[in-house]
Amino acid sequence: MKLLWAPLVDCFYSPKLGRRKSWLVPLQLAIGSVMLYIPSVIGTALGNDGGEVNVSVLAGWFCFLTFLAATQDIAVDGWALTMLSTRNVGWASTCNSVGQTIGYFFGYLGFLALDSPMFCNLFREVEQDVGCVTMEVRGRRGCEHLKISLFAPECLNETFLSNKVITAD
């Protein structure tokens, strides 16, 4: 899907914001908004209120969030390629691989561990029936995501490193 979607992301943009910020800023805001909304839907969709589990609602929201993240990945990859000089393009792939590995570790394994009451009780004085990270805490991450998204456009310069050369000595 990214193969078909990437040319559209690369072609359509606002000259006022720039080729990459035209996509990154709205995507960041959309991802933050979805992250704020999903915790309110998950409990009901999982049947926590006594109702039936609604897998289609869960799948729909997470597919939408994944679509937004994949579109953001396209914009960031394009930004990296235009921002870096030809000599530094190889570093983009290395940084992407290392960053994704660290992100997967903390984003998945870290949250799974912090969601586990058994793991969290190892570090508590009084045992509890819930983990350290609940859906409410994850919803707050959506607030932080939105705050950063509103501040970041002022800091982003699409040509910042285009004339810099990184050497590996």
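Rules behind the numbers
Residues numbered from 1 in each chain as written. Predicted model: local features only at pLDDT ≥ 70, side-chain atom pairs only at ≥ 80, totals over all residues. Heavy atoms only, no water. Helix = DSSP H or I, 4+ residues; strand = E, 2+ residues; numbered from the N terminus. Buried < 20%, exposed > 50% of the residue type's maximum accessible area, 1.4 Å probe, protein only. Contact = heavy atoms within 4.5 Å. Axes fitted to C-alpha atoms, helices over the stretch in contact; angles between N-to-C directions. Parallel < 35°, antiparallel > 145°, perpendicular 65-115°, else oblique. Left-handed = near helix turned anticlockwise from the far one by under 90°. Nonpolar A, V, L, I, M, F, W, Y, C, P; charged D, E, K, R; others polar. pLDDT = per-residue confidence, 0-100. Salt bridge = Lys/Arg side-chain N within 4 Å of Asp/Glu carboxyl O. Polar contact = N/O pair within 3.5 Å; in protein donor to acceptor, adjacent residues only side chain to side chain. Core = buried A, V, L, I, M, F, W, Y, C linked by side-chain atoms within 4.5 Å. Phe/Tyr/Trp six-rings, centres within 6.5 Å; stacked < 30°, edge-to-face > 60°.

**Examining the overall build of the chain**
Argument step 1. When its secondary structure is counted, the chain shows six helices and zero strands.
Argument step 2. The linear arrangement of helices and strands in the chain, starting from the amino end, is α-α-α-α-α-α.
Argument step 3. Within the span of the chain, comprising 169 residues, buried residues form 28% of the whole.
Argument step 4. Counting only contacts in the chain whose residues sit at least 6 apart along the sequence, the fraction spanning at least 24 positions is 64%.

**Considering the packing of helix α2 (residues 21-45) against helix α3 (residues 55-83)**
Argument step 1. Where α2 meets α3, the closest approach of the two axes is 10 Å, and the angle between their N-to-C directions is 160 degrees. When the axis of α2 is compared with that of α3, the two are roughly antiparallel. As α2 runs across α3, the sense of the crossing is left-handed.
Argument step 2. By residue class, the composition of the contact of α2 with α3 is 23 nonpolar, three polar and no charged.

**Regarding the confidence of the model for the chain**
Argument step 1. When the pLDDT values of the chain are averaged, the result is 80; 86% of them are 70 or greater.
Argument step 2. Mean pLDDT across the secondary structure elements of the chain bottoms out at helix α6 (residues 135-151), with 72, and peaks at helix α5 (residues 117-121), with 89.

**Side note on the pattern of salt bridges**
Argument step 1. Under the criterion given, the structure shown has two salt bridges.
Argument step 2. Residues D10 and R19 are paired through a salt bridge, measuring 4.0 Å at the closest nitrogen-oxygen approach.
Argument step 3. The salt bridge partner of R20 is D10, with a shortest N-O separation of 2.7 Å. Highlighted residues: R20 in the loop between α1 (2-11) and α2 and D10 in helix α1, separated in sequence by ten residues.
Argument step 4. Using a relative accessible area of 33% as the deciding quantity, one classes D10 as partly exposed.
Argument step 5. Taken together, the shared-partner salt bridges in this structure form one network comprising D10, R19 and R20.

**A short note on the environment of S56**
Argument step 1. The residue S56 is located in helix α3 in this model.
Argument step 2. S56 sits eleven residues away from A45 along the chain, and the two C-alpha atoms are 8.6 Å apart.
Argument step 3. A polar contact is formed between the side chain of S56 and the side chain of N54, at a distance of 2.7 Å.

**As for the nonpolar core**
Argument step 1. Of all hydrophobic cores here, the largest spans 16 residues; its most connected members are V9, W23, V34, I38, L65, L68 and A75.
Argument step 2. The element best represented in this core is α2, accounting for eight residues.
Argument step 3. Among residues more than four places away in sequence, those in contact with W23 are W5, L8, V9, F12, T71 and A75.

**Quick word on the packing of aromatic side chains**
Here the distance between the centres and the angle between the planes together describe a pair of aromatic rings.
Argument step 1. Taken as a whole, this structure holds six aromatic pairs when the rule is applied.
Argument step 2. Judged by centre distance (5.0 Å) and plane angle (80 degrees), the ring pair of F105 and F106 falls under edge-to-face.
Argument step 3. Taken together, the ring pairs in this structure connect W5, W23 and F67 into an aromatic cluster.

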